[in-house]
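Here is how the chains run, residue by residue.
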Amino acid sequence: MQHDITVGVDGSAASLAAAHWAAAEAGRRGTGLTVLHTWHRHVRPGSDVPTGTSEYEWARTVLGEAARGLRAAHPGLRITERLVCDSPVGALTSAVAGSDLLVLGSLGLGAFGGFVTGSVSQRVVARAEGPVVLVRAGRGTSDDHLPATDGIAPEEIPRTPYREVVLGLDTGEPCDETVGFAFEAARLRGTGLRVVHAFRTPLRAVTDSSLVIAVPATERLATGPVAEAAAQARADAEHTVAAVAHAWRDKYPEVPVTWTVVEGRAASVLVHEAHDAGLLVVGRRGGQRLGAHLGPVAHAALHHVPCPVAVVPHG
């Protein structure tokens, strides 16, 4: 049974970009969109609340303006407004249970070149029991598509091909939920899926008389045990990734699939390979509650990949 997509809005540019991305995704899936805004009662209203306006009234205004903008931009889409008096993390995390997908906004580039991901978004992504997508501020519909040719009209942009979906695959973890999400996203967009996997060559000991030297995986030797280990590790990784890709390609024969196997740190490799993607899909170990945190790959993706990032819990 399909459920609505839920998007959290707070009136910021980042949340509005997320709302329009979520509306387009709901259109692709044939579902409705729930627009969620949270508010809290305080002894004194916050500085963002206009003088003479109650917190509830201001919350209604923020939600109503977001919904009106979405209805104007996405006519025919079923949009439900939902106002919740609760903490943002609690309300958004709970909303995942009744949604196919939760979409949140992420701020733009920070002072040190990475994207600024708010504490609320990070905590929700780390705790949510379903998929969460973070969308960058300033992200527009055209950014999901390949560059248009000169002279194309704005209304023709949605008919240009979508950028590919990139899946970060960890073969050491259960991955059906993550892989399935990526294949379905590619199918909905009529685009290809590129599976990216990073591997590391195990450390090898090179013995010289009584001296034992540990040789790091990144060192390249033309011959010898390290080179042999590297070649074997690559072959094993490529075999495993190909097996996963072929198994899922049988379920999604319409999705063109390619894969990239690179030696290196998974976080660095994925950030580099997903730079021009339309959507990046990564996994996260599920079942976490208090004290939940993101793994290094998901953390790097959320802070350094410019495209929308889907974090899918598994296991």
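Residues numbered from 1 in each chain as written. Predicted model: local features only at pLDDT ≥ 70, side-chain atom pairs only at ≥ 80, totals over all residues. Heavy atoms only, no water.

**Re the overall build of the protein**
The secondary structure content of the protein amounts to 8 helices and 12 strands. Scored against the burial criterion, the 315 residues of the protein give a buried share of 47%. A sequence separation of at least 24 residues applies to 75% of the contacts in the protein between residues at least 6 apart. When the accessible surface of the protein is split by element, carbon and sulfur atoms take 55% of a total near 15700 Å². (Helix = DSSP H or I, 4+ residues; strand = E, 2+ residues; numbered from the N terminus. Buried < 20%, exposed > 50% of the residue type's maximum accessible area, 1.4 Å probe, protein only. Contact = heavy atoms within 4.5 Å. Areas by Shrake-Rupley, 256 points an atom, 1.4 Å probe, with all protein chains shown as cover.)

**Digging into the side chain of Ser-106**
Along the chain, Ser-106 falls in strand E4 (residues 101-106). A polar atom in the side chain of Ser-106 sits 3.0 Å from the side chain of Arg-136. (Polar contact = N/O pair within 3.5 Å; in protein donor to acceptor, adjacent residues only side chain to side chain.)

**A few points about the pairing of strand E2 (residues 33-39)**
For E2, the buried fraction is high: 7 of the 7 residues fall into the buried class. Pairing of strand E1 (residues 5-8) with E2, which is carried by 4 bridges, proceeds in the parallel orientation. Bridged to Val-7 within E2 is Val-35. Summarising the sheet, E2 and strand E3 (residues 79-85) pair through 7 bridges and their orientation is parallel. Paired with Thr-34 across the bridge in E3 is Thr-80. (Pairing = 2+ DSSP bridges.)

**Describing the environment of Ser-54**
Examined against the element boundaries, Ser-54 turns out to sit in the loop between E2 and helix H2 (55-73). The exposure class assigned to Ser-54 is partly exposed, which follows from its relative accessible area of 32%. For the pair Ser-54 and Arg-41, spaced 13 residues apart in the sequence, the C-alpha separation amounts to 9.3 Å.

**Points about the sheet that holds strand E5 (residues 132-136)**
Spatially, E3-E2-E1-E4-E5-E12-E11-E6-E7-E10 is the arrangement adopted by the 10 strands of the open sheet, whose pairing is mixed. In the strand order of this sheet, the two ends are held by E3 and strand E10 (257-263), each with one partner. Going from strand to strand, the sheet's axes swing by 25° on average, the running direction of each strand aside. Here strand E6 (residues 165-168) pairs with strand E11 (residues 279-285) via 3 bridges, running parallel. In the sheet register, Val-165 faces E11, and the bridge partner there is Leu-279. Its contacts with the sheet put helix H1 (residues 13-29) on E1, E2, E4, E5 and E11, and the angle it makes with E4 is roughly 150°. In the packing of helix H8 (residues 296-304) onto the sheet, contacts are made with E5, E11 and strand E12 (309-314), and the angle to E5 comes to roughly 30°. (Axes fitted to C-alpha atoms, helices over the stretch in contact; angles between N-to-C directions.)

**Section: the packing of helix H7 (residues 266-273) against H8**
Interaxial distance between H7 and H8 falls to 9 Å at its minimum, and their mutual angle equals 35°. Of the two possible hands of crossing, H7 and H8 adopt the one that is right-handed. On H8, the residues touching Ala-266, Ala-267, Leu-270 and Val-271 of H7 are Pro-296, Val-297, Ala-300 and His-304. (Left-handed = near helix turned anticlockwise from the far one by under 90°.)

**Description of the nonpolar core**
Counting 46 residues, the largest nonpolar core has Val-7, Leu-33, Val-103, Leu-193 and Val-281 as its most contacted members. Excluding anything up to four places from it in sequence, Leu-33 contacts Asp-4, Ile-5, Val-7, Ala-19, Ala-22, Ala-23, Ala-26, Leu-70, Leu-77, Arg-78, Ile-79 and Thr-80. In this structure, Ala-274, Leu-280, Ala-298 and Val-309 belong to the second largest nonpolar core, which totals 32 residues. (Core = buried A, V, L, I, M, F, W, Y, C linked by side-chain atoms within 4.5 Å.)

**So, H2**
A rise of 1.5 Å per residue sets the reference length of H2, with its 19 residues, at 27 Å; its end C-alpha atoms lie 27 Å apart and thus fit the reference within 8%. Taken together, the buried positions of H2 are Glu-55, Ala-59, Val-62, Leu-63, Gly-64, Ala-66, Ala-67 and Leu-70. Structurally, H2 contributes buried residues whose contacts are with H1, E2 and E3. (Expected span 1.5 Å × (residues − 1).)

**A short note on the confidence of the model for the protein**
On average, residues of the protein score 84 in pLDDT, and 82% of them are at 70 or above. The low-confidence segment residues 109-115, where pLDDT is below 50, has 15 contacts with residues more than four positions distant or belonging to other chains. Confidence drops under a pLDDT of 50 for residues 204-221, and excluding neighbours within four residues, the segment shows 24 contacts in the predicted structure. (pLDDT = per-residue confidence, 0-100.)

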